[in-house]
Amino acid sequence: MSINIPVSGQSNEIYSLSVNGQVHQVKDAWIGESLLYVLRERLGLPGSKGACEQGECGSCTVIVDSKAVCSCLVMAADAVNTEILTVEGLGPNGALTDVQSAFLSEGGVQCGFCTPGFIVAVHHLLESNPSPTDDEIREALSGNICRCTGYGRILEAVRTVADQRRTNS
Amino acid sequence: MSTTSASTALRHGTLGTSASRPDGVAKVQGGFAFSSDMWADNMLWGATLRSPHPYARIVAIDVSGAYAIDGVVTVVTAVDVPGKLTYGLIVQDQPVFAAIGDTVRYSGEPIAAVAADHPETCQRALAAIKVTYEVLTPVTDPEDCIAGVAEQIHPDGNIFRHQRIVSGDTSVVGAVQVEGEYEIGMQDQAFLGLESALAIPDSNGAGLEMYVATQWLHEDRKQIADCLNIPEENIRLVLGGVGGAFGAREDISLQVHTALLAMKAGRPVRISYGREESFYGHVHRHPAKIWMKHHADLNGKIVKIESRMVFDGGAYCSTSPAVLINGITHTQGPYKCDNAIVDGWAVRTNNPPCGAMRGFGVVQACFAHESQMEKLAAVVGVSPVEIRLLNAMETGDRMITGQIMDSVAPVAQCIRETDAIPMPAPLENNADLRTIPGGTGLTAQPSNIRRGVGWGVSIKNLMYSEGFDDFSTARCRISNGVVTIKFATSEVGQGFTMLAQQIARTVLGVDEVILDTIDTQVGSAGSTSASRQTWMSGGAVQVACQAALAQLFDHVATKFEMTRSELEIDGTDIVDRLTQRRVTVSEAISEIEIDCTEEYHHPPTEDLDENGQGNCHVAYAFVAHRAVVDVDPELGLIKVVQIATAQDVGRVLNPLAAMGQIEGGIAQGLGLAVMEEIIVKDGKVRNPSFTDYLLPTFLDSPTVEMVFIEEHEPKSPLGAKGIGEPPCISVTPAIANAIRQAVGRELPRVPIRPYDICL
């Protein structure tokens, strides 16, 4: 039972996570911590958000070895030897990615809590499917809940990026 | 200085343009600090122990087990509350913690809070606190409270408010009558950014600084100060980034608990709720039962409405009395009606506490009156559009409260413009599975699907009511050539910070506008609710900027020898209309210090009298919705295909933001229509998670086709009406009416569940 496992400052387990191309050592952590918790509370990467803690809302979406996952459902200690990409690692040197720019220009951001998860999920979608139909966009992003926008402006943002990438390629 | 003329086109970032959000870049990069991202050196985590019982007497509380756990620093219970033992928005009837000898009145009521070094330690500490309960039988039926047969579960009694409306000649009988009993389920605001607060005690122990996601900083501060028994000025409340609100952050949730822990521990404490706790920690939309009877002449013209409304407020008062008033005063909807008799009740039960949610009582009333309008159209033999146009309210009409409609009231125009929006293409037999009811579950054949079209039209009051002066404050400073605006208005996602910059840019003719921290270091802004901040805080920012501009013009007239009475802003210049001489604003403000703080107040309103008569509301907005819904009658699954809407917005201040409000509100109204409900059985919430409480996803959300009805509202400082609430109100009955049309059932309850349709 987890109740017997020491929580804080008492674990000798040290493990490494590779996040956004950088290796971080995780020390003195409770072994039961989720990847989301470790990213946010131990590695100084609070961009991934927790809103349901059970993989229903997608706010915590990160890329682990090229797959989009809910970081609330991944044990941090189980993510060793993977390459983790979070919203903070998408744009080089603080520059906006095309997806981030389109979310702003098309009105896809309101409260912004779902936004990092959406941004990561849209990058992932467009890498696997550069020219999605509206129905494909809706399905691919149906694991990301937004309570503010009704999704209309987010749909527009994804269309915009897909169009831009087609024009530029 | 020059005499060339500036462009007359709208300058980017001013009113009327889709200005950029000042928080946008941070939000898309993950750098925006939500209240749950706040952190302080030496910070502890807090957590709350809650009652598993909806009604029970507390016999004993033993916290020693919690203190025995390594890492636990502090435990607080009712005995640790130094000031007022209760809080609440209208009536302070909710205990900070339920005390020994007292009762818990809802499942989830706080009993204790702990602070420890890790969230997991907190959970173990909560499990180690022993509470001995004498479990009692909960009061769960509002009708028992009204009948007076329920046990009184609170010293204040079981009735929050009873209010009648008696209007005109109540003896009138219509040649045509339709009636129904309608039920609205308990909806959750389900904002994504969970409740969170960080409290940092002052080193001298006299006060604290607190970062919290809230809708109303000053009201929170007042309630915290009362409970902590310290002066309000010793508390600095700062808005932590807010991940949506929709009414759920108007009441106190974790604010007092976090502050108590921090003060007792002498260390910073953060409480961040999880999703399950969030369902227990904030108020919900009132479930309601509404009986309504419409009397009309043979043409369908309404001659009288009778109604009885019962709102279940749950265990504590919150805003129940105001929600009730909103419900009953909107009984007639956006239609002319002289005669009415309405009986409204808001009652206390051992169900979860209910209060503010987007639409605030009007959602419930609208579901009833729009269901009635569909029945009336059918009985009279006219179309849903014709029955609504026939009865459409206009400016100057007398409402059932006796109040004269003095807002712009383009009801007929909303209906006609919505009707003119093209219908979606018919469902094709080879339609993409993702677009049909049941989706890729392959449960429906397109040939079996029935398509329905339904209408809903609504009226919504704006701002607070019944004599409440919900003013707002703003400060405009010009210093070293920089314009800074400060206010305490909660930015919850709607974009007020963006609007404030637009107003300042427009009034002052500058491009750069700095926004100061949103905190209690300036006067109250009132709550971000009731569709009021564009009007109220927008008005405050406007008058503060205008006051600064007047001082700037004084300075410019003297310094540049221009005609004071002829000065105006033209683009980013100040121009003398008499001489056409110009000076740029940036030059004009470079050497002057200006600091103006102004309040904006709306005209006063009145209480309702015993017959529900009085000028109780400030202003109104209107909207029409037409829903096209595909239904699989065999499994009762639905797909909302399209929502067409024309909304009375007064004036569009930011087109992109307006679209976002409208689409987002429609999604929430869709949720109430077909999927969202907190299921409460015997006083206990059965689905406190996002697995079991269903929210509209990307695939559930329809195409929205919208038209803005722009007739500037003369009473509004910017000509604009609040647009936050109307989108979510009449879309719910529009969808219900479409499903009713498709399957030919009455379906008097929302959310409409699959088994309501197919069994």
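Conventions we followed
Residues numbered from 1 in each chain as written. Chains lettered and ligands numbered in written order. Predicted model: local features only at pLDDT ≥ 70, side-chain atom pairs only at ≥ 80, totals over all residues. Heavy atoms only, no water. Helix = DSSP H or I, 4+ residues; strand = E, 2+ residues; numbered from the N terminus. Rg over C-alpha atoms; globule rule 2.2 N^0.38 Å. Buried < 20%, exposed > 50% of the residue type's maximum accessible area, 1.4 Å probe, protein only. Contact = heavy atoms within 4.5 Å. Areas by Shrake-Rupley, 256 points an atom, 1.4 Å probe, with all protein chains shown as cover. Lys, Arg positive; Asp, Glu negative; His and termini not counted. Charge placed at Lys NZ, Arg CZ, Asp CG, Glu CD. Pairing = 2+ DSSP bridges. Axes fitted to C-alpha atoms, helices over the stretch in contact; angles between N-to-C directions. Parallel < 35°, antiparallel > 145°, perpendicular 65-115°, else oblique. Nonpolar A, V, L, I, M, F, W, Y, C, P; charged D, E, K, R; others polar. Buried area = accessible area lost by both parts, 1.4 Å probe. Salt bridge = Lys/Arg side-chain N within 4 Å of Asp/Glu carboxyl O. Polar contact = N/O pair within 3.5 Å; in protein donor to acceptor, adjacent residues only side chain to side chain. Domains from an automatic or database assignment. Phe/Tyr/Trp six-rings, centres within 6.5 Å; stacked < 30°, edge-to-face > 60°. Lys NZ or Arg CZ within 6 Å of the ring centre and 35° of its normal. Left-handed = near helix turned anticlockwise from the far one by under 90°.

J.: How do you make sense of the overall build of chain A when you look at a structure like this?
T.: Counting its regular elements, chain A contains 5 helices and 5 strands. Traced from its N-terminal end to its C-terminal end, chain A shows the element sequence β-β-α-β-β-β-α-α-α-α. A compact globule built from 169 residues would reach a C-alpha radius of gyration of about 15 Å, and chain A, at 17 Å, matches this within 12%. Projecting the C-alpha coordinates of chain A onto the three principal axes gives extents of approximately 55 × 30 × 25 Å. Relative to its full complement of 169 residues, chain A shows a buried share of 54%. For chain A, long-range pairs separated by at least 24 residues make up 55% of all intrachain contacts whose partners lie at least 6 apart in sequence. Surface summary for chain A: the accessible area is close to 6900 Å², and the carbon and sulfur share equals 47%. Looking at chain A, you have 11 positive and 19 negative side-chain charges, and the mean spots of the two groups are 5 Å apart.

J.: How should the overall build of chain B be read in this particular structure?
T.: Counting its secondary structure elements, chain B contains 17 helices and 33 strands. For 759 residues, the compact-globule formula gives about 27 Å, and the C-alpha radius of gyration of chain B, at 27 Å, lands near that figure. The principal-axis extent of the C-alpha atoms belonging to chain B is close to 80 × 75 × 60 Å. For chain B, the residues scored as buried account for 64% of the 759 residues in total. A fraction of 80% describes how many contacts in chain B between residues 6 or more apart in sequence connect residues 24 or more apart. Accessible area of chain B: about 24800 Å², with a carbon and sulfur share of 50%. When the 58 positive and 91 negative side-chain charges of chain B are each reduced to one mean point, those points stand 2 Å apart.

J.: Help me out: how do you make sense of the pairing of strand β14 (residues 269-272) of chain B in this one?
T.: Regular strands place their side chains on alternate faces of the sheet. Residue and element names in this part refer to chain B. In this sheet, β14 lies alongside strand β1 (residues 44-50) in parallel orientation, the contact comprising 3 bridges. Paired with G46 across the two strands is I271, which belongs to β14. Bridging between strand β11 (residues 196-201) and β14 involves 4 bridges; their strand directions are antiparallel. Bridging from a neighbouring strand, S196 pairs with S272 of β14.

J.: What is the right way to read the packing of helix α9 (residues 362-380) of chain B against helix α10 (residues 384-391) of chain B from this model?
T.: Axes are the key here: two packed helices are described by the angle between their axes and the distance separating the axes. Residue and element names in this part refer to chain B. Remark: α9 packs on α10, axes separated minimally by 8 Å, with the N-to-C direction vectors making an angle of 110 degrees. As the angle between them shows, α9 and α10 are arranged roughly perpendicular. Touching E370, M373, E374, L376 and A377 of α9 are P384, I387, R388 and N391, all from α10. Each residue belonging to the contact of α9 with α10 can be placed in one class, and the counts come to 5 nonpolar, 1 polar and 3 charged.

J.: Would you mind going over the interface of chain B and chain A with me for this structure?
T.: Reports of interface size often rely on the accessible area that becomes lost once the parts have come together. Listed as interface residues are 63 residues of chain B and, on the opposing side, 61 residues of chain A. Roughly 4700 Å² is buried in total at the junction of chain B and chain A, and carbon and sulfur atoms are behind 57% of that figure. When the buried surface of chain B facing chain A is broken down by residue, V28, L192 and F698 of chain B rank first, second and third, together holding 19% of it. Counting across the chain B and chain A interface gives 6 salt bridges. Put simply, E676 of chain B and R147 of chain A hold a salt bridge, and the shortest N to O gap is 2.6 Å. On the surface where chain B and chain A come into contact, there are 29 residue pairs in polar contact (both at pLDDT 80 or more). Elements represented by at least two residues in the side of chain B that touches chain A include exactly α1 (24-29), α3 (119-128) and α15 (655-674) of chain B. Partitioned by chemical class, the residues of the side of chain B that touches chain A number 25 nonpolar, 24 polar and 14 charged.

J.: Explanation requested: the sheet that holds β14 of chain B in the structure shown.
T.: By way of backbone hydrogen bonds, the strands of a sheet pair with one another, either parallel or antiparallel. All names here are of chain B. The sheet built from 7 strands is open, its strands ordered β3-β7-β1-β14-β11-β12-β13 with mixed pairing. Strand pairing shows two members of the sheet lacking a second neighbour, β3 (72-76) and β13 (235-239), which therefore form its edges. Averaged over all neighbouring strand pairs, the angle between strand axes comes to 20 degrees, with direction disregarded. Bridge count between β11 and strand β12 (residues 208-212): 5 bridges; the pairing is antiparallel.

J.: For this particular structure, what's the right way to read the domain arrangement of chain B?
T.: Residues and elements named next belong to chain B. For chain B, the domain assignment lists domain 1 (24-32 + 470-600), domain 2 (35-136 + 194-242 + 249-272) and domain 3 (288-465 + 607-758). A C-alpha centroid distance of 38 Å is found between domain 1 and domain 2. Contact residues are listed per partner, giving 18 residues for domain 1 and 15 residues for domain 2. Where domain 1 touches domain 2, the interface holds 1 salt bridge.

J.: What is the right way to look at the pattern of salt bridges in this model?
T.: Close approach of charged atoms allows side chains with opposite charge to pair. All names here are of chain B. Tallied over the full model, the rule gives 50 salt bridges over all chains. A salt bridge links D516 to K486; its shortest N-O distance comes to 3.9 Å. With a gap of 30 residues between them, D516 in the loop between β23 (513-515) and α13 (533-559) and K486 in strand β22 (residues 482-487) connect regions that are remote in the sequence. A salt bridge links K721 to E713; the nearest nitrogen and oxygen atoms lie 3.9 Å apart. Both residues of the pair, K721 and E713, belong to the buried class.

J.: Just checking my understanding: could you explain the sheet that holds strand β10 (residues 176-184) of chain B for this structure?
T.: All names here are of chain B. The sheet built from 6 strands is open, its strands ordered β9-β18-β17-β16-β10-β33 with mixed pairing. Looking at strand neighbours, the two that pair on one side only are β9 (159-167) and β33 (749-750), the edges of this open sheet. Pairing analysis gives 2 bridges linking β10 to β33, with the strands arranged parallel. What sits directly across from I184, in β33, is V750. Against the sheet, helix α8 (residues 320-329) engages β9, β17 (302-312) and β18 (339-347), with an angle of about 20 degrees to β9.

J.: Is there a simple way to explain the packing of aromatic side chains in this structure?
T.: Describing an aromatic ring pair means giving the distance of the ring centres and the angle of the ring planes. Overall, the coordinates contain 15 aromatic pairs over all chains when judged by the stated rule. Aromatic side chains F32 of chain B and F34 of chain B sit 4.8 Å apart centroid to centroid with 75 degrees between the ring planes, which places their arrangement in the edge-to-face category. Note on F32 of chain B: relative accessible area 19%, which makes it buried. Taken together, a centroid distance of 5.4 Å and an interplanar angle of 45 degrees make the contact between Y464 of chain B and F468 of chain B tilted. Classification of F468 of chain B as partly exposed rests on a relative accessible area of 38%. The structure contains a cluster of three or more aromatic residues connected by ring pairs, namely F103, F118 and Y151 of chain A together with F698 of chain B. The ring of Y464 of chain B carries R532 of chain B above its face, with NZ or CZ at 5.8 Å from the centroid.

J.: I'm lost on the packing of helix α12 (residues 496-508) of chain B against α13 of chain B in this one. Help?
T.: Residue and element names in this part refer to chain B. It is at 9 Å that the axes of α12 and α13 come closest, and there the two elements cross at 30 degrees. By the angle class used here, α12 and α13 are roughly parallel. As α12 runs across α13, the sense of the crossing is right-handed. Residues F496, L499, A500, I503, A504, V507 and L508 of α12 pack against Q533, T534, S537, G538, V541, Q542, C545, Q546 and L549 of α13. A class-by-class count of the residues in the contact of α12 with α13 yields 10 nonpolar, 6 polar and no charged.

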